[in-house]
Amino acid sequence: MDITRSSPAPVRVVAVPPEPEPADLTALPEPIAVEPLQPLQPLPATATTATTSAITTTTATTSTTATDVRGRRGRPRPRDLLALLRPGQWVKNLAVVPLALLDTHPWGAAAFLRTGWAVLGFTLASALVYVVNDLADRERDRLHPVKRHRPIASGRVSTFAAFVLTGALALALTGWAVAGPAWQWWPTALYLALSLAYSQGLKHVPLVDAFIVATGFVLRLVQGALLIGAQMSEWLALCVFSLCLMLALGKRRHEMTAAGCAHRPALRGYTLAFLDHLVVLVAVLTAVSYVLYLRDDASLAAGASLVTLLSAPCAVFGLARYLQLLLVEEGGGNPVHVLFRDRATLVNAALWAVLVALALLLPQSPA
């Protein structure tokens, strides 16, 4: 017997469970016992009150929100209508129309009242033009990073409300023309005609758009001179035209750098280098025409040559400061804000005004 061989492993017997009997599919299931429903218990008084209050508050909030939305769509807020008239731009009328007083001496109450009447007329006319332009440009304004916040472009004022406001301004302007001196409102009427042509398509023509804007300021000056009976100086008119043309070109240059040419189609006819040359050229024309006005046409007092000489550097500094803000600091989008919020410009303008007032208010030399 060979004891080195291992014995075979014992065989394991695994018990296999019996297969389950197939279920009887014909047998009906036994019914499930269902307990009867218990009646609902009422909530405590405090919980009921809190729940009712929450529901009422939510309903009231939703109703108020819907009312506010309907109110904004149907009835624009007064401040939005006022913003549509751009009261910040009315200072242009206060700055240009009274320039006609420079050619009258001495000043009287009647001259100031007639100047105020001219300012009122051009304020109504310019507000009407602003509303019409915003209605025409509302789709383009939505593409501009700043102008998209205007009342019509942003939707705060509906087009229907803007049309109603346009009609009210037109009626007020008609009343102004009828109540004033006969046929002395033609500069305002010409301004409206040019502005309408501007809105209908001339604003898309390069150079023509800027020249029309500058011409509107000369018409302001003509309206003031016409109502006070003053003889307008050609050099003063040229100075106002070239200065306003410089501001209009500077505004277009800023728009090109800020939003490109998509917002204003006329900008496709400009380049930055071209606008830079034009702005400098017009600034030189402004300075020269101002000096020639002081020398030839200004109603200055005797011995005011020194004061006149001192006011000329102030005028040149003001032009240079604007060019610095435009070309160096990339400003100029809103000329009113640039000229009336810059500290250096305000100090220089105050000094210039004092010098000009001295030259005008000193006693005149005998004829």
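Residues numbered from 1 in each chain as written. Predicted model: local features only at pLDDT ≥ 70, side-chain atom pairs only at ≥ 80, totals over all residues. Heavy atoms only, no water.

Explain the overall build of the protein chain here, please?
The helix and strand inventory of the protein chain stands at 14 helices and zero strands. Reading the protein chain from its N terminus to its C terminus gives the helix and strand order α-α-α-α-α-α-α-α-α-α-α-α-α-α. Residues classed as buried in the protein chain amount to 37% of the 367 residues present. Carbon and sulfur atoms form 69% of the exposed surface of the protein chain, whose accessible area is close to 22,400 Å². (Helix = DSSP H or I, 4+ residues; strand = E, 2+ residues; numbered from the N terminus. Buried < 20%, exposed > 50% of the residue type's maximum accessible area, 1.4 Å probe, protein only. Areas by Shrake-Rupley, 256 points an atom, 1.4 Å probe, with all protein chains shown as cover.)

Quick question: what am I supposed to make of the pattern of salt bridges here?
Side chains that differ in sign of charge can pair as their charged atoms come close. Taken as a whole and assessed by the stated rule, the structure comprises 13 salt bridges. Asp-276 is paired through a salt bridge with Arg-253; the nearest N and O atoms lie 2.5 Å apart. Of the two residues, Asp-276 sits in helix H11 (residues 272-296) while Arg-253 sits in helix H10 (residues 234-259), which places them 23 residues apart along the sequence. The closest approach of N and O atoms between Asp-342 and Arg-321, which form a salt bridge, is 2.7 Å. One end of the pair, Asp-342, is in the loop between helix H13 (335-341) and helix H14 (343-361); the other, Arg-321, is in helix H12 (residues 305-327), with 21 residues separating them in the sequence. You'll find Asp-342 and Arg-321 in the same group, each marked buried. It is possible to trace a salt-bridge network through shared partners that takes in Arg-86, Asp-134, Asp-141 and Arg-150. (Salt bridge = Lys/Arg side-chain N within 4 Å of Asp/Glu carboxyl O.)

What is the right way to read a nonpolar patch on the surface from this model?
Judged by side-chain polarity, Leu-202, Val-205 and Val-208 come together as a nonpolar surface patch covering roughly 180 Å² of accessible area. By the secondary structure assignment, Leu-202 is in the loop between helix H8 (186-200) and helix H9 (208-228). (Patch = residues over 30% accessible without salt bridge, like charges linked within 9 Å, V, L, I, M, F, W, Y side chains within 5 Å.)

For this particular structure, what's the right way to read the environment of Ser-289?
Relative to the helices and strands, Ser-289 resides in helix H11. Distance in space between the C-alpha atoms of Ser-289 and Trp-235 is 5.6 Å, their sequence separation being 54 residues. If sequence neighbours within four positions are ignored, Ser-289 has contacts with Trp-235, Leu-238, Cys-239 and Ser-242. (Contact = heavy atoms within 4.5 Å.)

It is not clear to me how the nonpolar core should be interpreted in this structure. Could you clarify?
One broad trend across soluble globular proteins is that nonpolar side chains are buried collectively. Leu-221, Val-240, Met-246, Leu-249 and Tyr-270 are the most contacted members of the largest nonpolar core, which has 44 residues in total. Every element with two or more residues in this core is listed here: H9, H10, H11, H12 and H14. The greatest single-element share of this core, amounting to eleven residues, is contributed by H10. If sequence neighbours within four positions are ignored, Val-240 has contacts with Val-96, Leu-99, Phe-217, Val-218 and Leu-221. In terms of nonpolar packing, the next biggest core, distinct from the first, is built from 21 residues, Leu-124, Ala-125, Ala-177 and Tyr-191 among them. (Core = buried A, V, L, I, M, F, W, Y, C linked by side-chain atoms within 4.5 Å.)

How should I be thinking about the packing of helix H4 (residues 109-136) against H9 in this particular structure?
Working note: a packed helix pair is described by the angle between its axes plus the distance between those axes. One way to put it is that H4 packs onto H9 with a least axis distance of 8 Å and a crossing angle of 145 degrees. Regarding H4 and H9, the two cross each other, and that crossing is right-handed. In this structure, H4 contributes Ala-111, Arg-114, Thr-115, Trp-117, Ala-118, Phe-122 and Ser-126 to the contact, and H9 contributes Gly-216, Leu-219, Arg-220, Gln-223, Gly-224, Leu-227 and Ile-228. Tallied by class, residues from the contact of H4 with H9 come to seven nonpolar, five polar and two charged. (Axes fitted to C-alpha atoms, helices over the stretch in contact; angles between N-to-C directions. Left-handed = near helix turned anticlockwise from the far one by under 90°. Nonpolar A, V, L, I, M, F, W, Y, C, P; charged D, E, K, R; others polar.)

Looking at this model, I keep getting lost on the state of the cysteines. Mind explaining?
By definition, a disulfide is the covalent link that joins the sulfur atoms of two cysteine residues. Scanning the entire structure with this criterion turns up zero disulfides. No disulfide involves Cys-239; its sulfur sits 9.0 Å from the nearest other cysteine sulfur, which is in Cys-244. By relative accessible area, which is 11% here, Cys-239 ends up buried. (Disulfide = S-S within 2.5 Å.)

So what exactly am I meant to see when it comes to the packing of H4 against helix H7 (residues 159-179) here?
The contact between H4 and H7 brings their axes to 9 Å, and the two run at 155 degrees. Taken together, the axes of H4 and H7 lie roughly antiparallel to each other. Here H4 and H7 pass one another in a crossing that is left-handed. Each of Trp-117, Ala-118, Leu-120, Gly-121, Leu-124, Ala-125, Ala-127, Leu-128, Val-131, Val-132 and Leu-135 in H4 lies in contact with H7, whose residues at this interface are Thr-159, Ala-162, Phe-163, Leu-165, Thr-166, Leu-169, Ala-170, Ala-172, Leu-173, Trp-176 and Ala-179. (Parallel < 35°, antiparallel > 145°, perpendicular 65-115°, else oblique.)

Would you take a moment to explain the side chain of Gln-223 for this structure?
Summarising the element assignment, Gln-223 is placed in helix H9. Those residues in contact with Gln-223, other than ones at most four positions away along the chain, are Ala-118, Phe-122, Trp-176, Gln-184, Trp-185, Pro-187 and Thr-188.

Would you mind going over the packing of aromatic side chains with me for this structure?
Aromatic rings considered in pairs are described by the distance between their centres and by the relative angle of their planes. Throughout the structure, instances matching the rule amount to six aromatic pairs. Ring plane angle 50 degrees and centroid distance 6.5 Å describe the contact between Tyr-290 and Trp-352, whose orientation is recorded as tilted. A residue pair is termed long-range when its members are at least 10 positions apart, and Tyr-290 in helix H11 and Trp-352 in helix H14 qualify at 62 residues. Given a relative accessible area of 9%, Tyr-290 falls into the buried group. Judged by relative accessible area, Trp-352 falls into the partly exposed class, the value being 30%. (Phe/Tyr/Trp six-rings, centres within 6.5 Å; stacked < 30°, edge-to-face > 60°.)

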